[in-house]
Amino acid sequence: MTAIKHALQRDIFTPNDERLLSIVNVCKAGKKKKNCFLCATVTTERPVQVKVVKVKKSDKGDFYKRQIAWALRDLAVVDAKDAIKENPEFDLHFEKIYKWVASSTAEKNAFISCIWKLNQRYLRKKIDFVNVSSQLLEESVPSGENQSVTGGDEESVDEYQELNAREEQDIEIMMEGCEYAISNAEAFAEKLSRELQVLDGANIQSIMASEKQVNILMKLLDEALKEVDQIELKLSSYEEMLQSVKEQMDQISESNHLIHLSNTNNVKLLSEIEFLVNHMDLAKGHVKALQEGDLASSRGIEACTNAADALLQCMNVALRPGHDMLLAVRQQQQRFGDLREYFARRLANHLNNVFVQQGHDQSSTLAQHSAELTLPNHHPFHRDLLRYAKLMEWLKSTDYGKYEGLTKNYMDYLSRLYEREIKDFFEVAKIKMTGTTKESKKFGLHGSSGKLTGSTSSLNKLSVQSSGNRRSQSSSLLDMGNMSASDLDVADRTKFDKIFEQVLSELEPLCLAEQDFISKFFKLQQHQSMPGTMTEAEDLDGVTPSRQHNPGTPLPVSSERDMIRQMMIKIFRCIEPDLNSLIALGDKIDSFNSLYMLVKMSHHVWTAENVDPASFLSTTLGNVLVTVKRNFDKCISNQIRQMEEVKISKKSKVGILPFVAEFEEFAGLAESIFKNAERRGDLDKAYTKLIRGVFVNVEKVAHESQKTPRDVVMMENFHHIFATLSRLKISCLEAEKKEAKLKYTDHLQSYVIYSLGQPLEKLNHFFEGVEARVAQGIREEEVSYQLAFNKQELRKVIKEYPGKEVKKGLDNLYKKVDKHLCEEENLLQVVWHLMQDEFIRQYKHFEGLIARCYPGSGITMEFTIQDILDYCSSIAQSH
């Protein structure tokens, strides 16, 4: 072990200016036996640093390498495992616990002893030595200030201790006096011994010379002791004298304590009395205001409000422990409770009277608005009631039962008042929509109830009567009771639109003003997101079945928002039915009115949702918007159904189908109504359904047509559709516009080819035979040698078609086309021009065959292309 220690010192620690003090051969507990060394070291430079270094033998050779080092100041616990039995295992607790097994118990004990000594000398740190023998630590206790720190071997730390500057200087002076000290150490040591003997003798002589002085000092000490005894006797007598004074002072101190305690109690009692008087005393003026204050005047309301606030503060004062046991406090609380009950009852009765009076006063003003499409203004009533808002807040916090009763009474009185006003308002609106009262009876309006009666058949009769000047093409639709958009006066639709807008514009501020008043007067929060729309299970009297609460208990914030909504539903319960009735009337007057109503209602719903998406107004208008949307969808479905049921005359030409013209009118009207509208998507969906229905039913009618050729029906109607879509520029129907153009072009070409046919029939048959021979392999210039197709046969066929006959045939063809086509689309010249081009194409084809198959024969047609152009132009001009 000594050899290993010297090797480690030389190879590892000396280059790092460190000294190795102790070493132990260890291996990690519980793992493979890979031995290493734990070394306790100190640095040679100051300040001294103490470390525990782990050294391991290299795998590539016999030399050792430094693996890891821990500072001793980081060591927290040294656990020797067993203080009695020999056990080579021990733990060192640094940042984590390291478990080791030493090669022998002696090495472990020597290493732990060295760690303890280093800690005592350099660190003075609290390191816990657990399960370490006390004997091992006692043997390591230093015997003097300069006691050396030894390791597990015979070497000590002090043998390596450096000399300080003073010691170095003394040694240098001494060695300068003995020049031979280095060359002759024995002579130097003998000289030092002789000088030491001389010093010892001098010390003994000095001690003997000072014996006389010691005796004098001892005598002085004896005299001082006698003086001390006399002083102690005097102090004892003084203490006896002061004992009686002390007893008297104790009595005085106890008396002062009692006096101070009494004063303290008096101050506290005064403080408690002042607290009760200041916080539980209601001024006489406040009491009088609560009992007799005038609740009708502004000054009286202000006095009652201040008194109610003062009473609430007195009742809500936070009493200290024990106050509620005082009789005076209980009596005052009872007095406050009686006063609160009395004033709450007086306030509730007064407000109920105000509600009743408002109903009577407001009813007197209804006659002023009976002839005008306006609703009475409730602002003066709201302004008068808002003076009581603070008192309502006081009543809500002190007597919730009476507060809740007031809300129900307010809803009852106001709902009847608003119902009368709104019923009369809608009656005026319906009369203005239908014209005179006599005319309104045709639509089922009777009296002031404003309800719609009557059957659909009566409406259909009115529809037929009001549309006597319709086109003949639409006569079949009258039997179904439908009203086409072009058959109603534009002024009537504009009038309906203005009336419907005025109805919504009057209702919207009325509802918003009432909701704002309810929130302010009844102190209910409204400007937060509320739950969804009301379900049928909700109770209109104020609280949903799932949210019942005990009377006298204020509602939470979310329930307050629900309460606003329930109050609005109860007060304005007639708005939604009356709006639906008005919408039904507008739909009966003209089914296209649903377009106006959809745009107007969507705009007002969008505006209301921006203000408060869950408000009563937004919810109600949203529900009505659903009805309007259903009517709109019904209008579209009816138009598609009418397309499917349309019947055409078997004796007259078809022309432009009624539903094609009606689609044009509908689209033009819709584009003017839905310009910049919020619900453009609904119209686009309707367009898609309608145009599909138009396409399908045009083809159906064309297939069933007997008088007019199918291609003509398709050509004319799809041309009309394409012209309509091109003029209106409806973006969602771009694909349908292209499809309509394609169908028009295809059927136009098909009709031209079919109608023109083969105007030179025999000549066509002759050249078909020629082409058949060429197809069989006969050369074109050899066809003239065929007996059936020689030059004589060709001249014979050509002579049958002189110019006069050709012109006659073209004139008959023009008359035939003219009978097929209708005047509305003005396609006759287009068709005639295409037929002219087709005829010229056939002519050029025949001339080409003659030139190739009968070269040099000089055979030509009896007429020229210029003749064809002249014939066609002359025929067109003559007709």
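Given the structure is predicted, the values throughout are model-derived calculations rather than measurements.

## Re the confidence of the model for the protein chain
Any residue range with low pLDDT should be treated as having predicted coordinates unsuitable for detailed reading.
In step 1: Per-residue pLDDT for the protein chain has a mean of 79; in total, 84% of the residues score no lower than 70.
In step 2: Averaged pLDDT values for the elements of the protein chain fall to 32 in helix α14 (residues 456–465) and rise to 93 in strand β2 (residues 36–43).
In step 3: Counting contacts from residues 436–488, a segment whose pLDDT is below 50, to residues more than four positions away or on other chains yields 90 contacts.

## Here we look at the packing of helix α23 (residues 710–728) against helix α24 (residues 734–756)
In step 1: It is at 8 Å that the axes of α23 and α24 come closest, and there the two elements cross at 150°. In terms of axis orientation, α23 runs roughly antiparallel to α24. Judged by the twist between their axes, the crossing of α23 over α24 is left-handed. Here Arg710, Asp711, Val712, Met714, Met715, Phe718, His719, Ile721, Phe722, Leu725 and Ser726 of α23 come into contact with α24, specifically with Glu736, Lys737, Ala740, Lys741, Lys743, Tyr744, His747, Leu748, Ser750 and Tyr751.
In step 2: Tallied by class, residues from the contact of α23 with α24 come to 11 nonpolar, 4 polar and 6 charged.

## Some words on the packing of aromatic side chains
Aromatic ring pairs: the centre-centre distance and the angle between the two ring planes describe each pair.
In step 1: Tallied over the entire structure, the rule returns 27 aromatic pairs.
In step 2: Cluster of aromatic residues (ring-pair linked, three or more members): Phe355, Tyr400, Tyr403, Tyr410, Phe517, Phe521 and Phe522.

## As for the side chain of His747
In step 1: Relative to the helices and strands, His747 resides in helix α24.
In step 2: Aside from chain neighbours lying at most four places away, what touches His747 is Arg710, Asp711, Met714 and Met715.

## Comments concerning the state of the cysteines
Cysteine pairs can be covalently joined through their sulfur atoms, and such a bond is termed a disulfide.
In step 1: With the rule as written, the count across this model stands at 0 disulfides.
In step 2: Cys511 takes part in no disulfide bond, and the closest cysteine sulfur, belonging to Cys574, lies 9.4 Å away.
In step 3: Looking at Cys511, the relative accessible area reads 2%, which means it is buried.

## Some points on the nonpolar core
In step 1: Core analysis: the biggest nonpolar cluster contains 173 residues, and Tyr410, Val503 and Leu763 have the highest contact counts within it.
In step 2: Per-element accounting of this core gives the leading share, 14 residues, to helix α12 (residues 400–434).
In step 3: If we skip the residues at most four places from it in the chain, Val503 touches Leu373, Phe425, Phe426, Ala429, Leu579 and Leu582.
In step 4: One finds Leu21, Trp70, Leu72 and Phe111 within the second-largest nonpolar core, a separate group that totals 31 residues.

## Thoughts on the pairing of strand β4 (residues 64–71)
In step 1: Pairing between strand β3 (residues 50–57) and β4: 7 bridges, direction antiparallel. Looking at β4, one finds that Val55 is bridged to Arg66.
In step 2: Taken together, β3 and the strand that follows it, β4, pair antiparallel across an intervening segment of 6 residues.

## Let's talk about a negative patch on the surface
In step 1: A surface patch of like charges, here negative, comprises Glu167, Glu168, Glu172 and Glu176.
In step 2: With respect to the helices and strands, the residue Glu167 is situated in helix α4 (residues 165–177).

## Topic: unusual backbone geometry
In step 1: A cis amide bond links Arg46 with the next residue in sequence, Pro47, at an omega value of 0°.
In step 2: Summarising the element assignment, Pro47 is placed in the loop between β2 and β3.
In step 3: With a phi angle near 60°, Asn131 is a residue other than glycine that sits in the positive phi range.
In step 4: Here Asn131 shows up in the loop between β8 (128–130) and α3 (134–138).

## Some points on a nonpolar patch on the surface
In step 1: Taken together, the side chains of Val214, Leu217, Met218 and Leu221 make up a nonpolar region of the molecular surface, amounting to roughly 370 Å² of accessible area.
In step 2: Mapped onto the secondary structure, Met218 falls in helix α6 (residues 211–279).
In step 3: Its relative accessible area of 45% is what places Met218 among the partly exposed residues.

## Details of the sheet that holds strand β7 (residues 97–102)
In step 1: Overall, mixed pairing links the 8 strands, which are arranged β4-β3-β2-β1-β7-β6-β5-β8 in an open sheet. Pairing within the sheet leaves two strands with one partner each, and these edge strands are β4 and β8. The sheet shows a mean angle of 30° between the axes of neighbouring strands, taken without regard to direction.
In step 2: Relative to β2, strand β1 (residues 18–28) runs antiparallel, the two sharing 8 bridges. Of the residues in β2, the one forming a bridge with Ser22 is Ala40.
In step 3: Of the strands in this sheet, β1, β2, β3 and β4 are in contact with helix α1 (residues 2–13), which crosses β1 at around 115°.

## Considering the environment of Val329
In step 1: Residue position: Val329 is located in helix α9 (residues 327–363).
In step 2: For the pair Val329 and Val277, spaced 52 residues apart in sequence, the C-alpha to C-alpha distance is 10.0 Å.
In step 3: Other than its neighbours up to four places away in sequence, Val329 contacts Leu276, Met280, Leu319 and His323.

## Structural notes on the pairing of β1
In step 1: Within β1, 10 of the 11 residues are buried, which leaves the element mostly enclosed by the surrounding structure.
In step 2: Bridge count for β1 against β7 is 3 bridges, and the pairing is antiparallel. Residue pairing for β7: Lys28 is matched across the bridge by Trp100.

## Things to note about the pattern of salt bridges
In step 1: For the coordinates displayed, the defined rule picks out 31 salt bridges.
In step 2: The closest approach of N and O atoms between Lys815 and Asp811, which form a salt bridge, is 3.5 Å. On the criterion of helical spacing, the pair formed by Lys815 and Asp811 is a turn pair, its members being 4 residues apart in helix α27 (residues 803–820).
In step 3: On the basis of relative accessibility, which here comes to 39%, the residue Lys815 falls in the partly exposed class.
In step 4: When salt bridges with common partners are traced through the structure, they connect Glu341, Arg345, Asp399 and Lys402 into a single cluster.

## Considerations on the environment of Arg387
In step 1: Along the chain, Arg387 turns up in the loop between α10 (379–385) and α11 (389–398).
In step 2: Discounting residues that sit within four places of it in the chain, Arg387 has contacts with Ala296, Ser297, Ser298 and Ile301.
In step 3: A polar contact is formed between the side chain of Arg387 and the side chain of Ser298, at a distance of 3.2 Å.

## Points about helix α26 (residues 791–799)
In step 1: Taken residue by residue, α26 has Leu794, Val797 and Ile798 as its buried positions. The buried residues of α26 occupy one face: seen down the axis, they fall within an arc of 100°. Set apart from the buried face of α26 by more than 90 degrees, the exposed residues are Gln792 and Lys799.
In step 2: Against α25 (761–776) and α28 (828–853) lie the buried residues of α26.
In step 3: Where α26 begins, one side-chain oxygen reaches toward the backbone nitrogen of Gln792, 3.3 Å away; that side chain belongs to Asn790.

Quick notes on the rules
- Throughout this description, residue numbers start from 1 for each chain and increase along the sequence as written.
- Local features in this predicted model are restricted to residues of pLDDT 70 or higher, and side-chain atom pairs are both shown and tallied only at a pLDDT of 80 or more, whereas totals for entire chains, interfaces and linings draw on every residue.
- The basis for every side-chain value is the complete set of heavy atoms in the structure, and neither hydrogens nor water enter the calculation.
- Residue-level confidence of the predictor is what pLDDT reports, using numbers from 0 through 100.
- Only runs of H or I of at least four residues qualify as helices and only runs of E of at least two qualify as strands under DSSP, and these elements are numbered from the N terminus.
- The contact criterion used is simple: two residues touch if any of their non-hydrogen atoms lie within 4.5 Å.
- Throughout, an axis means a line fitted to C-alpha atoms (over the contacting stretch in the case of helices), and angles, computed between N-to-C directions, take values from 0 to 180 degrees.
- Roughly parallel means an angle under 35 degrees; roughly antiparallel means over 145; roughly perpendicular covers 65 to 115; every other angle is labelled oblique.
- Should the near helix be turned counterclockwise from the far one by less than a right angle, the crossing is left-handed, whereas a clockwise turn marks it as right-handed.
- Residues are grouped as follows: Ala, Val, Leu, Ile, Met, Phe, Trp, Tyr, Cys and Pro are nonpolar; Asp, Glu, Lys and Arg are charged; all remaining types, including Gly, are polar.
- When the centres of two rings from Phe, Tyr and Trp lie within 6.5 Å, Trp using its six-membered ring, the rings pair. Their planes under 30 degrees apart give stacked, over 60 give edge-to-face, and anything left gives tilted.
- Throughout, a disulfide means two cysteine sulfur atoms within 2.5 Å of one another.
- Burial here depends on accessible area, computed with a 1.4 Å probe over protein chains only, as a share of the maximum for the residue type. Under 20% is buried, over 50% is exposed, and the range in between is partly exposed.
- Nine residue types can take part in a nonpolar core, namely buried Ala, Val, Leu, Ile, Met, Phe, Trp, Tyr and Cys, and a core is a set of them joined through side-chain atoms within 4.5 Å.
- Only strands that DSSP links by at least two bridges are regarded as paired with each other.
- Put simply, a patch holds well-exposed residues, over 30% relative accessible area, that have no salt bridge, with like charges counted together within 9 Å and Val, Leu, Ile, Met, Phe, Trp or Tyr side chains within 5 Å.
- Methods summary: accessible areas were calculated by the Shrake-Rupley approach with a probe of 1.4 Å, and residue burial reflects only the protein chains presented.
- Here a salt bridge means any side-chain nitrogen of Lys or Arg lying within 4 Å of a carboxyl oxygen belonging to Asp or Glu.
- For the purpose of counting charges, residues Lys and Arg are taken to be positive, whereas Asp and Glu are taken to be negative. His and the chain ends are not included.
- Note that the charge is assigned to NZ on lysines, CZ on arginines, CG on aspartates and CD on glutamates.
- In protein, a polar contact requires one atom able to donate a hydrogen and another able to accept it; more generally it is a pair of N or O atoms within 3.5 Å, and residues adjacent in sequence count only if both atoms are side-chain atoms.
- Arc definition: it is the arc formed by the directions from the helix axis to the C-beta atoms.

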